[in-house]
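# Summary of structural features
Here is how the chains run, residue by residue.
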Amino acid sequence: MAKRTGKKATLDVLAERLQAFAVERFPSAAADLFAALDAVLASRDGGDEAAIERLREPARNAIRERFDGAGPGSSLETSPTIRADARYA
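For the chain, the helix and strand inventory stands at four helices and two strands. Each helix and strand of the chain, ordered N terminal to C terminal, gives the series α-α-α-β-β-α. Per-residue burial over the chain gives 21% buried out of 89 residues. The contacts of the chain with a sequence gap of at least 6 include a subset with a gap of at least 24, amounting to 39%. Within the structure as shown, the chain displays about 6,700 Å² of accessible surface, and the carbon and sulfur contribution to it stands at 53%.

Applying the stated criterion to the full structure yields one aromatic pair. Centre to centre, the rings of F21 and F26 are 6.0 Å apart; their planes meet at 70°, and the pair counts as edge-to-face. The class of F26 is partly exposed, set by a relative accessible area of 45%.

On the surface, L18, F21 and F26 cluster together to form a nonpolar patch covering roughly 280 Å² of accessible area. Position of F21 among the secondary structure elements: in helix α1 (residues 11-25).

Turning next to helix α2 (residues 30-41). Taking 1.5 Å of rise per residue, twelve residues should cover 16 Å, and α2 covers 16 Å from first to last C-alpha, within 8% of that figure. Of the residues making up α2, those classed as buried are A30, L33, A36, L37 and V40. For α2, the arc enclosing every buried residue in end-on projection is 130°, short of the 170-degree limit, so these residues lie on one face. Summarising the geometry of α2, the exposed residues directed more than 90 degrees from the buried face are A31 and A39. Looking at the buried positions of α2, the neighbouring elements they touch are α1 and α3 (49-67).

Cut-offs applied
Residues numbered from 1 in each chain as written. Predicted model: local features only at pLDDT ≥ 70, side-chain atom pairs only at ≥ 80, totals over all residues. Heavy atoms only, no water. Helix = DSSP H or I, 4+ residues; strand = E, 2+ residues; numbered from the N terminus. Buried < 20%, exposed > 50% of the residue type's maximum accessible area, 1.4 Å probe, protein only. Contact = heavy atoms within 4.5 Å. Areas by Shrake-Rupley, 256 points an atom, 1.4 Å probe, with all protein chains shown as cover. Phe/Tyr/Trp six-rings, centres within 6.5 Å; stacked < 30°, edge-to-face > 60°. Patch = residues over 30% accessible without salt bridge, like charges linked within 9 Å, V, L, I, M, F, W, Y side chains within 5 Å. Salt bridge = Lys/Arg side-chain N within 4 Å of Asp/Glu carboxyl O. Expected span 1.5 Å × (residues − 1). Arc of directions from axis to C-beta.

As structure tokens, then:
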């Protein structure tokens, strides 16, 4: 694989790869993930490794806020004696 260089090769490529993963594995959640990432990426101050590190916590927080409460209720049982909220966690 050819080595990627420049700003596009760091933060933008990482975001694109995460979005592709979300569409493949969690298509119903992809739009919410994109919205959370867009809000964080709009505030970025570069595309290098240090910029990625600075965005880790804000991205994590934005994704958690976006999906807070999105899980199933605790009264559902996915299998005997295992509540849905425990399996979802």
